[in-house]
Amino acid sequence: MFKKIIQLNSCILLFCCCVSCNNNSAKIETPNIIFIYADNLGYGDIGCFGSQIHKTPHIDKMAKEGMRLTSLYSSSPVCTPSRASLMTGCYAQRVDMHWDDRNGAVLRPVSPKGMNPEEITIAEILRDRGYATACIGKWHLGDQPQFLPVNQGFDYFFGIPYSEDMIPSISSEWPELPLLKNDKVIEAPADLTTTTSRYVREAIRFISENKNKPFFLYFPENLPGSRMVPVVDERFRGKSVNGAWGDAVEEIDWSVGEIMKTLEEYGLEEKTIIVFTSDNGAPQGGRETRSGMGSNEPFSGPGYTTTEGGMRVPCIVKWKGKIPAGQSNNEWCTMMDWFPTFAEVSGAKIPEDRIIDGKNIWPLLLGNKEAKTPHKIFYYYYTGDLQAVREGKWKLYLSDGKERDEPDANSKLKLIDLSRDIKELNNVSEQFPEVVKRLELHANQISGELGNGTKKGEKIRPAGYVENPKGLIMK
């Protein structure tokens, strides 16, 4: 009898060991995360999203090996708010980063305002999980020391603190465009012809140094950027049929290729999620002839507006062996969703002491055919102005989408059926008054929560402010 008990206990122990081994083998390894963020790149600017004039073989290869998200919305049509949403998982209005201290659309140099260090960023939740973190590229969430990446969860920063067009010739109050390493200016003015290649070199070094531990590389490109004529490396100048804009797109593609090649060399493809997207749509019109022009096709409208062309951005996600290759997903999602999604795949904790607007889209990325958008409503804000609301296929314009400081009370409501009219040409508000009424109720509700025009929201958190801000200069 005693022998049988021993044999039984041995069998139980063996069974437990087998279960434990099986569980361990099924567990997803904590992935590295690389987030490549182009500046003002249009939806139709890359080959795998329809461009016939730009050569983007590396980005197109990434799409073949990963998944295209064809309905990803930036949370804003301009860059500071969209970047704040990415970092915090919130509408920019929630964290008071939807305009600068002078009510402009984006932060300017030597501003007393920046993203509050009390906000919890993607970098911080990942660093708490043991990730090495780096921001290499354009920051644009505050240029005072308290607001720089090294005080927002990043171990390392190499890049420019704001847009590449913010230079003394535009405002005498601004210093020469600085290039920073951590919180020190190492070059001014920054040589924009070489920044992309230097960013790539820094990214490769960071990957190499952290190849044996989890890392988060945030790689916000300067390009195509905000200048009338994009500034590119000599190797790419004049190579595109679409002027300097096309040159910039093709330099971006080169940078993506170099990062992907590095992952291959170190055998990290199956251990790394890599995302490629843009902060908002491409601005259009009024540029010099040799600059070329960005494309937001098949949508209408330029960047800096709440049209679909201004807010829908190209997106590709790759994780070899985990995310199905060569697929597209048209369920709509937002820039805010990366915060909870990266938390999900890394095992990081989402803060419970504050509202997070983003949703976990990991089921969509797995290619689950039953997975649907986690969003019921999406709000299109320009600075403090709530301009449109989306529910399902319906988009209701509350104003005409033009830049303005205050909402236009006399602007006619415009209802769009996005399932039939992606260029937003036909107003069907008179045919569907019940839909208009329902979306107006949603607009009223969020206006109370996040604000609208001069009305302040009831559920917002303050940005950070400093006294006597100083320009970043060489010392």
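Presented here is a report on the structure given in the accompanying data block.

Cut-offs and rules
- Residues numbered from 1 in each chain as written.
- Predicted model: local features only at pLDDT ≥ 70, side-chain atom pairs only at ≥ 80, totals over all residues.
- Heavy atoms only, no water.
- 1 Å grid on protein atoms, 1.4 Å probe; cavity = no way out; pocket = protein on both sides within 12 Å on 5 of 7 lines; lining within 4 Å.
- Points joined across faces, edges and corners; volume = space filled by probe spheres on them.
- Nonpolar A, V, L, I, M, F, W, Y, C, P; charged D, E, K, R; others polar.
- Helix = DSSP H or I, 4+ residues; strand = E, 2+ residues; numbered from the N terminus.
- Phe/Tyr/Trp six-rings, centres within 6.5 Å; stacked < 30°, edge-to-face > 60°.
- Buried < 20%, exposed > 50% of the residue type's maximum accessible area, 1.4 Å probe, protein only.
- Core = buried A, V, L, I, M, F, W, Y, C linked by side-chain atoms within 4.5 Å.
- Contact = heavy atoms within 4.5 Å.

### Some words on the layout of surface pockets
Put simply, the largest pocket is a space of about 390 Å³. Together, 17 residues line the largest pocket, and Val-106, Arg-108, Asp-165, Met-166 and Tyr-304 are the ones closest to its centre. Counted by class, the lining of the largest pocket contains 9 nonpolar, 4 polar and 4 charged residues.

### Overview of empty space enclosed by the protein
Taken as a whole and assessed by the stated rule, the structure comprises 3 cavities of 30 Å³ or more. The volume enclosed by the largest cavity comes to roughly 70 Å³. What lines the largest cavity is a set of 14 residues, among which Glu-164, Leu-192, Asn-222, Leu-223 and Val-231 lie closest to the centre. Secondary structure elements with two or more residues in the lining of the largest cavity: α5 (195-209) and β9 (215-224). With 3 residues, the top contributor of residues to the lining of the largest cavity is β9. Taken together, the residues that form the lining of the largest cavity break down as 6 nonpolar, 4 polar and 4 charged.

### Focus on the packing of aromatic side chains
This model, assessed by the stated rule, comprises 23 aromatic pairs. Aromatic pair Tyr-37 and Tyr-218: ring centres 6.2 Å apart, planes at 45 degrees, arrangement tilted. Pair noted here: Tyr-37 is in strand β1 (residues 32-39) and Tyr-218 is in strand β9, with a separation of 181 residues, a long-range link. An identical accessibility class is assigned to Tyr-37 and Tyr-218; each is buried. An angle of 25 degrees between the planes, with centres 6.0 Å apart, marks the rings of Phe-154 and Phe-216 as stacked. In this pair, Phe-154 is assigned in the loop between β5 (132-138) and β6 (156-160) and Phe-216 in strand β9, connecting sequence segments 62 residues apart. Take Phe-216: its relative accessible area is 1%, and that puts it in the buried class. One aromatic cluster in this structure is built from Phe-35, Tyr-37, Trp-139, Phe-154, Phe-216, Tyr-218, Trp-338 and Phe-342.

### Comments concerning the nonpolar core
Ranked by size, the top nonpolar core spans 56 residues in total, and within it Ile-34, Ile-46, Phe-215, Leu-217, Phe-219 and Phe-276 carry the most contacts. For this core, the secondary-structure elements that each account for two or more residues are β1, α2 (57-65), β5, β6, α5, β9, α6 (243-265) and β10 (272-278). With 9 residues, α6 is the largest single contributor of residues to this core. Sequence-distant contacts of Phe-276, defined by excluding residues within four places in its chain, comprise Ile-36, Ala-38, Leu-41, Ile-46, Ile-59, Met-62, Ile-252, Val-256, Pro-314, Cys-315 and Ile-316. Formed by 52 residues, the second largest nonpolar core is a distinct cluster that contains Cys-90, Ala-343, Val-345 and Trp-362.

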